Amino acid sequence: MGAAAFDGILSGFRERPESLIPVLQEIQTQYHFLPEEALRAVSRRFKIPLTQAFHVATFYNCFSLEPRGHHQVEVCVGTACHVRGGQRILDRVLRELDLPGNGTTADYAFSVQPVRCLGCCALAPIVRVDQRTYGHLKQSKIPKILQHYRSLAEVAA
Amino acid sequence: MSAAPPRIVTLTDLRRAATRGRRTLLPKQPKILVGMGTCGLATGAEEVYEALLDEVQRRKLNYGVTPTGCIGWCGQEPLVDLQLPGQPRITYGRMDARHARELVRGVPHGDLKPKWAVGLLTGYENPLTGRRLRYSPQRARVDGVPRYEDLPLFRSQVRWAARNCGVINPASLDEYIARGGYFGLHKALSASAPAGIIAEVASSGLRGRGGAGFPTGKKWETVARQAATPKYVICNADEGDPGAYMNRTLLESDPHSVLEGMCIGAHAMGATEGIVYVREEYPLAVTRMREAIAQAEAAGLLGANIFSSGFNLRIRITKGAGAFVCGEETALIASLEGREGEPCQRPPFPAERGFCGKPTCINNVETWADIPLIVMRGGEWYAQLGTNSSKGTKTFCLVGAVKNTAMIEVPLGTTLRKVVEEIGGGVPEGRRFKAIQTGGPSGGCVPEALLDMEVDYESLTSAGAIMGSGGMIVMDDSTCMVDIAKYFLGFLADESCGKCFSCREGLRRLHEIVSRITEGHGSEQDIALLEDLAWMVRETSLCGLGQTAPNPLLSTIRHFRDEYLAHVREKRCPAKVCRQLIAYRIEPTLCNGCGACVKACTSVAILGEKKSPHRIDDAHCIKCGACLEVCQPNAILVE
């Protein structure tokens with residue numbers, strides 16, 4: 001992946017330090033992570049020290065320096081979900097995907113991340129997969145939900 | 001989108017827009033509204049909406065189907081409202097596509113499906129104008145359907161900031177104007193001097209709704225006094241407190257009220273640029289706000305020479321990048337400037353030197369939404385509700401172990417008991433109330449003994465909690481308070497920006513000690529150590545995050561010391577939550593041997609023949625609780 005690959009994204013932003021976070025968000029949205037080349041390209045173009053770009057990229061939760069999976073599974077562990085068993089839901093998702101902890105499955109099908117409150121506390125406990133939110137969740141529903149996304153991937157393949 | 005919307009330059013233009021808005025707000029044909037906030041969508045409002053549209057088209061009915069925001073009745077989502085001309089508006093709860101279609105089919109025959117209805121509205125107060133949006137004569141009834149005014153959930157609410165939530169279509173500028181919107185901005189630009197507006201805001205007693213409660217008028221005076229230009233107004237919508245979604249609801253349901261508040265503020269303080277800083281976890285709020293800004297610009301309500309008064313304001317949106325600490329104003333500014341969100345020393349306050357070193361007024365979403373009210377009705381009117389030190393109303397999200405989970409708005413000074421027992425309907429049957437957690441991770445847990453406390457900034461602080469942005473999580477006897485303290489400490493240790501040693505390291509040590517207690521390895525000295533260390537973190541941290549971080553811990557130790565003692569002395573978790581201190585057991589006299597638990601168990605820890613009592617093998621049980629979910633005769637006990 002050459003630096004030129006990112007030119008299209010970078011040219012959409014004004015060349016000033018304030019653009020750093022929005023531009024990284026855009027790269028993250030398109031690539032699901034921040035490739036090293038992208039950080040270098042951003043640093044050069046916006047005349048921001050690479051260390052600064054790296055600092056920002058590692059400070060905020062929404063950025064990842066590791067490639068993420070095809071489907072983003074966000075398990076809410078906000079307070080309302082926590083008191084209704086959010087942690088157990090998270091544990092179950094990880095067990096179903098054979099993950100030792102938060103992260104990405106070996107086949108890059110799923111990335112699992114606990115998130116602090118998606119703001120649907122009345123539906124606790126909840127899980128969001130990509131853009132779809134599942135409320136009033138029970139552990140027993142999790143295998144089916146994951147299977148749904150797995151079969152999507154198979155159809156696409 | 002059809003033709004470009006007409007520009008709104010004069011009062012006449014505004015009135016014309018209001019007339020257009022009234023036509024869709026109270027149409028001559030039947031209208032069906034679908035609550036399409038994030039909560040509604042998560043429960044299937046989209047399918048319901050499409051089913052309604054399809055059914056209406058298929059039957060060639062001249063009915064309107066429109067999305068609306070969230071009226072706050074989160075537990076009944078997805079909500080559908082039927083509004084027939086001259087008749088009360090009927091709300092149906094927990095709808096799905098099939099019921100929605102059936103509802104449409106029934107309307108032409110006068111079958112209004114009262115059995116599915118949960119509430120009935122004959123009108124809706126508009127605090128902005130003092131007039132009532134009239135759906136039907138006030139005495140109109142539909143048999144068997146309770147009126148909103150009689151529902152415990154709604155009868156004590158005063159919806160000022162949330163005045164349009166669930167009433168208007170959030171994508172319709174005209175409907176917002178029909179509810180009196182932007183008349184406040186017109187009044188501010190044409191009739192009031194900036195100093196007069198600030199004086200009104202000061203006299204209203206409005207305090208920052210983000211949680212800290214700083215007097216808004218005072219902040220505005222400071223910004224207005226600064227000579228440096230340009231000045232900025234910022235809307236803080238980085239609603240990071242878990243358990244709180246009032247700001248999301250406001251942005252999704254009524255984005256223009258926030259924009260209007262920002263315009264008025266910018267005029268009063270001489271600012272020319274505005275920024276709305278929204279959490280990226282709220283994609284719908286970002287979309288609705290973006291649309292609202294575009295509409296306001298197209299109509300000339302944002303941009304250059306607004307209402308031909310010579311006043312200019314541009315507003316843009318910035319998405320947060322997922323850092324709780326960015327709700328702190330100096331960290332928020334750092335993030336806007338493209339840096340990591342680490343708070344800085346104050347003073348200088350952002351009001352003096354903020355974004356790009358220029359005077360900046362940062363207010364919460366709800367604070368901005370309250371501003372048009374104060375301009376239209378006056379500071380004195382606003383101050384009629386509330387307590388001595390805290391005026392007006394406040395939105396809260398009531399979630400957790402209550403019957404009615406909802407986003408509510410009540411006058412400050414309402415007692416917690418009223419909020420939990422009347423509005424929330426109390427904890428579900430079979431459970432006992434234990435505590436209410438307010439103020440998010442900076443707040444604390446208030447026990448039953450203090451429930452008669454009136455909610456205002458000072459009283460909550462004295463109980464060891466804080467007002468915070470407005471999350472209220474009700475906990476029953478199945479919640480372990482030590483586990484809650486551990487939860488918040490883990491959250492804050494993760495979210496600490498790491499700048500201050502005491503917060504970065506102190507929170508980790510506190511988390512370790514509490515974890516030790518929940519694992520049954522704690523001692524009584526640990527409790528004293530916790531209090532000592534918590535004091536240190538509070539006293540030596542720079543920003544609000546560190547200074548308030550020990551609150552959940554200290555308030556639970558203060559009000560629920562017996563639970564800590566049970567963990568350290570008897571190695572027992574009274575709420576049966578802490579995994580290392582509990583065991584699962586099947587009661588043989590209750591077990592019918594159906595085998596559901598065997599299927600649910602992922603670790604092959606349940607043994608037994610079909611139709612005879614099962615048992616759990618402790619060596620393999622990971623205490624995940626999957627069996628509890630499926631056991632019909634409730635034979636699985638946690639000890």
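Residues numbered from 1 in each chain as written. Chains lettered and ligands numbered in written order. Predicted model: local features only at pLDDT ≥ 70, side-chain atom pairs only at ≥ 80, totals over all residues. Heavy atoms only, no water.

Moving on to the pattern of salt bridges. In total, this model carries 47 salt bridges over all chains according to the counting rule given. The residue A:Glu74 makes a salt bridge to A:Arg128 at a minimum N-O spacing of 3.1 Å. Separated by 54 residues along the polypeptide, A:Glu74 in strand 1 (residues 71-76) and A:Arg128 in strand 4 (residues 127-129) bring together distant segments of the chain. The exposure class assigned to A:Glu74 is buried, which follows from its relative accessible area of 16%. In this structure, the salt-bridge partner of B:Glu458 is B:Arg207, at a minimum N-O distance of 3.2 Å. Within this pair, whereas B:Glu458 is found in helix 17 (residues 457-462), its partner B:Arg207 is found in the loop between helix 8 (194-204) and helix 9 (216-225), the two being separated by 251 residues in sequence. A relative accessible area of 38% means that B:Glu458 is categorised as partly exposed. (Salt bridge = Lys/Arg side-chain N within 4 Å of Asp/Glu carboxyl O. Helix = DSSP H or I, 4+ residues; strand = E, 2+ residues; numbered from the N terminus. Buried < 20%, exposed > 50% of the residue type's maximum accessible area, 1.4 Å probe, protein only.)

A few words on the interface of chain A and chain B. Many authors give the size of an interface as the accessible area that is lost as the parts come together. Between chain A and chain B, the residue contacts involve 39 residues of the former and 60 residues of the latter. Carbon and sulfur atoms supply 54% of the area buried between chain A and chain B, which totals about 3,800 Å² over both sides. Broken down residue by residue, the surface that chain A buries against chain B is led by A:Phe59, A:Thr79 and A:Arg116, which jointly contribute 17%. Where chain A meets chain B, there are two salt bridges. Two residues, B:Arg579 and A:Asp91, come together in a salt bridge whose shortest N-O distance is 2.8 Å. (Contact = heavy atoms within 4.5 Å. Buried area = accessible area lost by both parts, 1.4 Å probe.)

Attention now goes to helix 7 (residues 183-190) of chain B. Helix 7 of chain B sits mainly inside the fold: six of its eight residues count as buried. The set of residues buried in helix 7 of chain B consists of B:Phe183, B:Gly184, B:Leu185, B:His186, B:Ala188 and B:Leu189.

Let us look at the sheet that holds strand 9 (residues 273-278) of chain B. Residue and element names in this part refer to chain B. Strand order in the open sheet made by the five strands is 10-11-9-8-12, with mixed pairing throughout. The open sheet is flanked by strand 10 (303-306) and strand 12 (360-364), the only strands paired with a single partner. Each neighbouring strand pair of the sheet contributes to a mean axis angle of 25 degrees, computed without reference to strand direction. Bridge analysis of strand 8 (residues 232-237) against strand 9 gives six bridges, and the strand direction is parallel. Pairing of Cys235 across the sheet is with Val276, part of strand 9. Contacts between helix 14 (residues 365-377) and the sheet are confined to strand 8 and strand 12, with strand 12 contributing the most and set at about 95 degrees to the helix. (Pairing = 2+ DSSP bridges. Axes fitted to C-alpha atoms, helices over the stretch in contact; angles between N-to-C directions.)

Ranked by size, the top nonpolar core spans 137 residues in total, and within it B:Ile177, B:Tyr182, B:Trp220, B:Tyr245 and B:Trp368 carry the most contacts. Per element, the largest residue contribution to this core is eight residues, and it comes from helix 11 (residues 255-269) of chain B. When residues no more than four places from it in sequence are discounted, the contact partners of B:Trp220 are B:Ile197, B:Ile198, B:Val201, B:Gly265, B:Ala268, B:Met269, B:Cys361, B:Asn363, B:Trp368 and B:Ile371. Among the nonpolar cores identified, the runner-up in size contains 68 residues, and A:Leu20, B:Ile234, B:Ile333 and B:Ala549 belong to it. (Core = buried A, V, L, I, M, F, W, Y, C linked by side-chain atoms within 4.5 Å.)

Don't take any of this as a statement about function, it's just geometry.
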